[in-house]
Structures are given as C-alpha cells and as structure tokens.
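What the coordinates show
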Amino acid sequence: ISETAPWKLYGSQRGAKGVEPLRTFSQRANSKLYIYLGDITELQIDAIVNAANSSLLGGGGVDGAIHAAAGPALREECSKLGGCTSGDAKITKGHGLPAKHIIHTVGPRGKNPETLRSSYSRCFELLLEHDLKSIAFPCISTGVYGYPNKAAAEVAIETTRNFLENNLENVEAVIFCLFTNKDIEAYHNLLPAYFPLE
Ligand code: ADP
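All values reported here derive from a predicted model rather than from experimental measurement. Residues take numbers from 1 onward in each chain, read along the sequence in its written order. The predicted origin of the model limits local features to residues at a pLDDT of at least 70 and limits the giving and counting of side-chain atom pairs to 80 or more, whereas totals for whole chains, interfaces and linings rest on all residues. As a rule here, side-chain values come from all non-hydrogen atoms in the structure, and water together with hydrogens is ignored.

This part is about the pairing of strand β3 (residues 47-51). In this scheme, a residue with accessible area under 20% of its type's maximum is buried, one over 50% is exposed, and one in between is partly exposed, where area comes from a 1.4 Å probe on protein chains only. Only DSSP runs of H or I reaching four residues or more are called helices, and only runs of E reaching two or more are called strands; each is numbered from the N terminus. Here β3 lies mainly inside the structure; four of its five residues are buried. At least two DSSP bridges between two strands are required for those strands to pair. Relative to strand β6 (residues 134-137), β3 is paired through two bridges, and the arrangement is parallel. Residue pairing across strands places A47 opposite I135, the latter belonging to β6.

On to the environment of L57, then. With respect to the helices and strands, L57 occurs in the loop between β3 and α2 (61-70). With 107 residues separating them in the primary sequence, L57 and L164 have C-alpha atoms 31 Å apart. Working rule for contacts: check all heavy atoms of both residues, and any pair within 4.5 Å makes them a contact. Residues contacting L57, with those up to four places away along its chain left out, are H67, R75, C78 and S79.

Attention shifts here to the site of the ligand. Here a residue counts as near a molecule or strand whenever at least one of its heavy atoms sits within 4 Å of it. D39, V62, S141, G143 and V144 are the nearest of the 17 residues found near the ligand. Between the ligand and I40, the relevant distance is 3.0 Å, taken from a nitrogen atom to a main-chain nitrogen or oxygen of the residue. Distance and chemistry together define a polar contact, namely a pair of N or O atoms within 3.5 Å, with one atom able to donate a hydrogen and the other to accept it when in protein, and with adjacent residues in sequence counting only for side-chain atoms on both sides. At 2.9 Å, a backbone N or O of S141 approaches an oxygen atom of the ligand. Considering each element in turn, the shell around the ligand owes the most residues, three residues, to α2. Here the nonpolar group is Ala, Val, Leu, Ile, Met, Phe, Trp, Tyr, Cys and Pro; Asp, Glu, Lys and Arg are the charged ones; every other residue, Gly included, is treated as polar. For the shell around the ligand, a count of residues per class yields nine nonpolar, six polar and two charged.

The disulfide criterion used throughout: a pair of cysteine sulfur atoms within 2.5 Å. On inspection of all chains with the given rule, the structure shows zero disulfides. C78 forms no disulfide, and the closest cysteine sulfur to it belongs to C84, at a distance of 9.8 Å. Look at C78 and you get buried, because its relative accessible area is 1%. Free cysteine: C139, not disulfide-bonded; nearest cysteine sulfur from C177 at 7.5 Å. With relative accessibility at 13%, the residue C139 sits in the buried group.

Close approach of charged atoms allows side chains with opposite charge to pair. What makes a salt bridge here is a side-chain nitrogen of Lys or Arg within 4 Å of a carboxyl oxygen of Asp or Glu, nothing more. Under the criterion given, the structure shown has six salt bridges. Three or more residues joined by partner-sharing salt bridges are found here, namely D88, R122 and E125.

With that settled, consider the nonpolar core. Side-chain atoms within 4.5 Å link the members of a nonpolar core, which is a set of buried Ala, Val, Leu, Ile, Met, Phe, Trp, Tyr and Cys residues. With 39 residues, the main nonpolar core has I103, I135, F137, F176 and Y187 as its most contacted residues. Contributing elements (two or more residues each) for this core: β2 (33-37), β3, β4 (89-93), α4 (113-129), β6, α5 (149-167), β7 (173-178) and α6 (181-194). It is α5 that provides the largest number of residues to this core, a total of eight residues. In contact with I135, other than residues within four places in its own chain, are I45, A47, V49, I103, C123, F124, L127, A173, V174 and I175. The next biggest cluster of nonpolar side chains, apart from the first, holds 22 residues, and it includes A52, A99, A136 and C177.

On to the packing of aromatic side chains, then. Any two of the Phe, Tyr and Trp rings considered here, Trp counted by its six-membered ring, make a pair once their centres fall within 6.5 Å; the pair's planes then place it as stacked at under 30 degrees, edge-to-face at over 60, or tilted in between. Summed over the entire model, instances satisfying the criterion amount to four aromatic pairs. Ring geometry for Y120 and F137: centres 4.8 Å apart, planes at 40 degrees, overall tilted. Residue Y120 is found in helix α4, and its partner F137 is found in strand β6; the two are separated by 17 residues along the sequence. The exposure class of Y120 is buried, given its relative accessible area of 1%. Judged by relative accessible area, F137 falls into the buried class, the value being 1%. Between F124 and F137, the ring centres sit 5.1 Å apart and the planes meet at 65 degrees, which makes this aromatic pair edge-to-face.

Take it as geometry only, folks, not as evidence of what the structure does.
Following this line, the structure appears as structure tokens:
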C-alpha cells in the first residue's frame, strides 16, 4: 500500500490532516482501515469486492461499473463459475482493472444481517485463502438490493473489526469504498464505536 494512495487512513498519524491518531488497543487495527470516497474500479490493490447478482454475469450499479471497466474477459471467466448464492463469494482475476482480483459476492435483498455478515466473511475468507493483503468493499446490498444504509454499515464495520482482531498480521488494508452521502454519514457515525479513536 503506497503512502500516496488516494484514500484516507482512518486512524493513524500517517493519514489525512484532521484524522486523529489512536491510543487504544485497536490502534494497529485502525492503521489498516481506510475510507475511500469514489469509484471502486480505480483502486490498484489486491482485490476489490463486487456486489454482484446470483448470475455473476453483470448487472447495474457497482456490478455494471466493474464489468465495464474489466472488459468482456471478466464475463467470460464469470460464466464458468456456475453463479453464486446469497451470502457466498467467488473470486476472479481483475482483467482490465488495476485491481489484481475481484471477489464477487451476492448480498441479501433487503435487511438480512445474517446473509450480509456471511457475504463479508466469505470475502475475507477468500482473501486469506489466496494470500491477498488488501481489499476494498463497496456498500454491499445498499443500492438496488435496498438494505438500509446504516444497518448495512453496522454489519460491514462489525464484520471487519472481527476479522482484523483475528487476522491483523495477514492484511495490509481493508478499504471501505463509499459512494453516496448516506453511506459517508453512516460510516462517519459508526466507525468510532467499533474502531475507537480514544
Ligand atoms: P446491490 O445490488 O448489492 O444493492 P448496487 O450496485 O446497486 O448493489 O449498490 C451497492 C453500492 O455500490 C451502492 O452504495 C452504490 O451507490 C455503490 N456504487 C455504485 N457504483 C459504484 C462504483 N463505481 N464504485 C463504488 N461504489 C459504487
């Protein structure tokens, strides 16, 4: 992860101006947590997560943006995967993207915390299985699938915290890629509870 990466470190002195350093046990966890505001297809990291649908053949929203940027070879690879059920995830190469891999997960339609938790957990499992060090998540299920933003943010942040508590040495960066003002507000409000700054 480059020091000049275009995302903000959540809780370290290396981060953007105005970001407070941490002084709690979670300081090291916070130093690996990033917020990125913008298009996930532009991130040059090990893996970006796609909020896909069960066909894995492309769709709207972030899925459409990822397929458009990765090119037709992605659809070709996806077509061999036999789809994906809600709460599961499958990995492909990044093809035309700057990211090396894409982890495609299918979130729940509507508010189903168990399935959303499973989506995040499966993404982390694949990250470890493939020995990858950096991952960026879009706000899974909060678009067309209609999961309420704040409730979804809570699941994303809680799952990430659990993961970092157990696997801190295995990863360099977990990036929350936020695309809407609602999500920026939700993460801004919830992050300090799970990754305390003081
Ligand atoms: P879902 O079907 O899981 O709800 P959507 O793609 O409709 O997936 O929405 C998931 C989230 O991805 C939404 O917050 C949406 O604003 C966001 N999003 C859409 N395009 C992009 C993009 N290019 N980069 C990052 N996030 C995006």
